[in-house]
Amino acid sequence: MRIICPVKRVPDTAAEKKVNDDLTVDRDSVEAILNANDEWSIEEAMRLKESRDDVEIVALCMGPESAQQTVRKALSYGLDAAIQVTDSAIEGSDATATARVLAAALADEEWDLIIMGNQSSDARSMLVPAMLAEYLDVPALTYAKRLAVGDDGSVEADRETAGGHETVTTQLPAVVSVVEAINEPRYPSFKGIMAAKKKPLDTRDLAAIGLSPEEAGHAGSSTTVLEATPKPPKEAGDKVEDDGTGQVGAKALVDFLVEKKFI
Amino acid sequence: MTDILVLVEHEDGTPKKVSNQILTAAKQIGDGSVAAAIFGAGAAAAADKVGEFGATTAYVWEGAEADEYATEPKVAALVAAIEASGADAVLYAADPFVTDVVARCAVRTGSGVVADAVDLELDGDRIVASKAIFGGDMNSMCQVTGDGAQFIGVKPNSFQAESAGGGAAEVVELSVDLPESATRAKITDVVEAAASGRPEMTEAAIIVSGGRGLGEEEGFELIGELADALGGAVGASRAATDAGWIAHSHQIGQTGKTVSPQLYLANGISGAIQHRAGMQTAQTIAVINKDAEAPIFSIADIGIVGDLYKVIPPLVEEINKRKG
């Protein structure tokens, strides 16, 4: 079974962001990391690999050349190989263009299952897993907090709802997106980090995956950003020291809630 | 003229509050017609109630497949509703399962999606959507380009639902051609959480949340009492869900849900940037924390420096008294 784990290089949430003239984020100015949610998909793929003897896992990354660090990080968890799509024309890709590029990269690949994080910490649109499934014409089991793959090629997932779940079953090939509740990701071992440096990394440009520059990046996107402005920092309001009995704090908060008409 | 179709969500025939909000938004910004698309068991009953919020037509599909299979039957139905209505734009509540339907539909119709809008305006035949990006650090204005219907996701509580005083919407039953592929992912079981009587977290106008400072699982009983006094939902920081004190689905933050309620009341939460990325677009933020240096105080409209176990009980008592 060949599993694909799409991974994304994202700016660290804690980092300050600068915006370029074309309203994309200046990704060179901020520290970039492997999208946290992708650690759960990698972990889930690794567990499948460890539970059976026929599994190969391939990381798939769309991003600038510098995203190679992210790809190597993904490989350090024990993945087998990676495909990186990098091309100056992919910059500014929205969710639709991203899904189109990822799908095109898989057009000539053999694969059975795609496991990915439910969202990226920068865009947070949650759109890409379902869009990728649509481009590939396969079912998607999204927001999975439990995943089971049967020997008969069946896939079953518990999809997280508010407090509960729905169980959905389909057949491979399929796309699965996972939420944090699904597992506890491991840390890469020293051996894994060293091995990651030597694992095969197949770098491709848009032409190699059969797309024209007009099908990716700003040109290939179906949405556009008209304006992006830093939000002015919020002024902190009153700070009230409680007297240790709770009475002072409670009264101040009730008065505030009444004033703001929440009570 | 921009004709807007609102994808209405309902529970057994009662439209969700957020759908009424979005119908109101469509009515306020649109210069054309407002229609509703409603799918699944109870859709016809829900159609009776959308006229009040401004929909003049309701495109209804009650196919059993909508509830028996994940996502794809509704994608086919939404494509049919867009064709039947000739809508220029589709507004939907930015909720995970609905996002899936819209994502597939946008690809299928060659269009794009702007998710998580908090404000909308019309510029010619285009909807310009305002949204927070990068965890609320920045604001942006976005629009869908191209020829297909524009898909815009709207965050709950961005608009107040207001009665438009309209009569019953005209009901149009859709005929939906389901491709065989639409029934690939079968729903075999649905497990609902025990009914808490509280609003859903992502839809709630008020969220009371708890973090590491609760110290133990029992702390969420207190958080629940405060939430109930205020008619709000219960949220949590990652520290609290990681500790197993409350289900992961309550987690707010970078790896959890993004919420923007009218009031966010954080208890025992220090306010790491990862948590703030999920909640700092709340309109009003109140904080109770023992640690006067906690970073969350810097974004609070009111901060109480105190022991939440001491402050919350008299707070609940006083709220209940004032509500009389």
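Cut-offs applied
- Residues numbered from 1 in each chain as written.
- Chains lettered and ligands numbered in written order.
- Predicted model: local features only at pLDDT ≥ 70, side-chain atom pairs only at ≥ 80, totals over all residues.
- Heavy atoms only, no water.
- Contact = heavy atoms within 4.5 Å.
- Buried area = accessible area lost by both parts, 1.4 Å probe.
- Salt bridge = Lys/Arg side-chain N within 4 Å of Asp/Glu carboxyl O.
- Polar contact = N/O pair within 3.5 Å; in protein donor to acceptor, adjacent residues only side chain to side chain.
- Helix = DSSP H or I, 4+ residues; strand = E, 2+ residues; numbered from the N terminus.
- Nonpolar A, V, L, I, M, F, W, Y, C, P; charged D, E, K, R; others polar.
- Pairing = 2+ DSSP bridges.
- Axes fitted to C-alpha atoms, helices over the stretch in contact; angles between N-to-C directions.
- Core = buried A, V, L, I, M, F, W, Y, C linked by side-chain atoms within 4.5 Å.
- Buried < 20%, exposed > 50% of the residue type's maximum accessible area, 1.4 Å probe, protein only.
- Patch = residues over 30% accessible without salt bridge, like charges linked within 9 Å, V, L, I, M, F, W, Y side chains within 5 Å.
- Areas by Shrake-Rupley, 256 points an atom, 1.4 Å probe, with all protein chains shown as cover.
- Lys, Arg positive; Asp, Glu negative; His and termini not counted.
- Charge placed at Lys NZ, Arg CZ, Asp CG, Glu CD.
- Parallel < 35°, antiparallel > 145°, perpendicular 65-115°, else oblique.
- Left-handed = near helix turned anticlockwise from the far one by under 90°.

A. Representation of the interface of chain A and chain B. Taken together, the contact pairs 79 residues of chain A with 87 residues of chain B. A combined buried area of about 7000 Å² lies between chain A and chain B, and 60% of that area is made up of carbon and sulfur atoms. At the boundary of chain A and chain B, one finds eight salt bridges. Here Glu160 of chain A ties to Lys257 of chain B by a salt bridge, and the two come within 3.9 Å at their closest N and O atoms. Where chain A touches chain B, the interface holds 39 residue pairs in polar contact (both at pLDDT 80 or more). Every element with two or more residues in the side of chain A that touches chain B is listed here: helix H1 (36-51), helix H4 (128-136), strand E7 (140-149), strand E8 (154-160), strand E9 (165-171), strand E12 (223-230), strand E13 (238-241) and helix H7 (247-259) of chain A. Ranked by the residues each element gives to the side of chain A that touches chain B, the list is headed by H7 of chain A, at ten residues. Of the residues in the side of chain A that touches chain B, the class split is 36 nonpolar, 25 polar and 18 charged. Across seven bridges, the pairing between E12 of chain A and strand E10 (residues 138-144) of chain B is antiparallel. By the bridge assignment for E10 of chain B, Thr224 of chain A is matched with Gln143 of chain B.

B. Structural context of the side chain of Thr96 of chain A. Residue placement: Thr96 of chain A occurs in helix H3 (residues 95-106). Residues in contact with Thr96 of chain A, not counting those within four places in the same chain, are Met131, Tyr135 and Ser222 of chain A together with Ser111 and Gly112 of chain B.

C. Local environment of the sheet that holds strand E7 (residues 113-117) of chain B. Residue and element names in this part refer to chain B. With parallel pairing, seven strands are arranged side by side in an open sheet as E7-E11-E6-E1-E4-E5-E12. The open sheet terminates on both sides in strands that have one partner only, identified here as E7 and strand E12 (170-173). Strand-to-strand twist across the sheet, computed as the mean angle between neighbouring axes with direction ignored, equals 25°. Sheet analysis places strand E6 (residues 89-93) next to strand E11 (residues 150-154), joined by five bridges and oriented parallel.

D. Molecular detail of the nonpolar core. Ile114 and Met131 of chain A together with Leu5, Phe39, Leu78 and Phe151 of chain B are the most contacted members of the largest nonpolar core, which totals 64 residues. When sequence neighbours within four positions are dropped, the list of residues in contact with Leu5 of chain B reads Ala35, Ala36, Ala37, Tyr59, Leu78, Ala81, Ile82, Ser85, Ala87, Ala89, Val90 and Leu91 of chain B. Within the second largest apolar cluster, 37 residues are counted, among which are Ile115, Leu141, Val168 and Ala196 of chain A.

E. Up close: unusual backbone geometry. Of the consecutive residues Leu172 of chain A and Pro173 of chain A, the connecting peptide bond is found in the cis state with omega at 0°. With respect to the helices, strands and loops of the structure, Pro173 of chain A is situated in the loop between E9 and strand E10 (174-178). In this structure, Tyr143 of chain A takes a positive phi of about 55° despite not being glycine. By the element assignment, Tyr143 of chain A lies in strand E7. One non-glycine residue with positive phi stands out, namely Thr71 of chain B, at about 60°.

F. Quick look at a negative patch on the surface. On the surface, a cluster of negative charge is contributed by Glu216, Glu217, Glu218, Glu221 and Glu225 of chain B. Relative to the elements of secondary structure, Glu225 of chain B occurs in helix H6 (residues 219-230).

G. Spotlight on the packing of H4 of chain A against helix H5 (residues 96-108) of chain B. Closest axis-to-axis distance for the H4 of chain A/H5 of chain B pair is 8 Å, and the angle between their directions is 40°. In this view, H4 of chain A runs oblique relative to H5 of chain B, as classed from their interaxial angle. Along this stretch, H4 of chain A crosses H5 of chain B, giving a crossing that reads as right-handed. Contact with H4 of chain A, carried on its side by Ala130, Met131, Ala133, Glu134 and Tyr135 of chain A, involves Asp100, Ala103, Arg104, Ala106, Val107 and Arg108 of chain B of H5 of chain B and no other residues of that element. Split into classes, the residues belonging to the contact of H4 of chain A with H5 of chain B amount to seven nonpolar, no polar and four charged.

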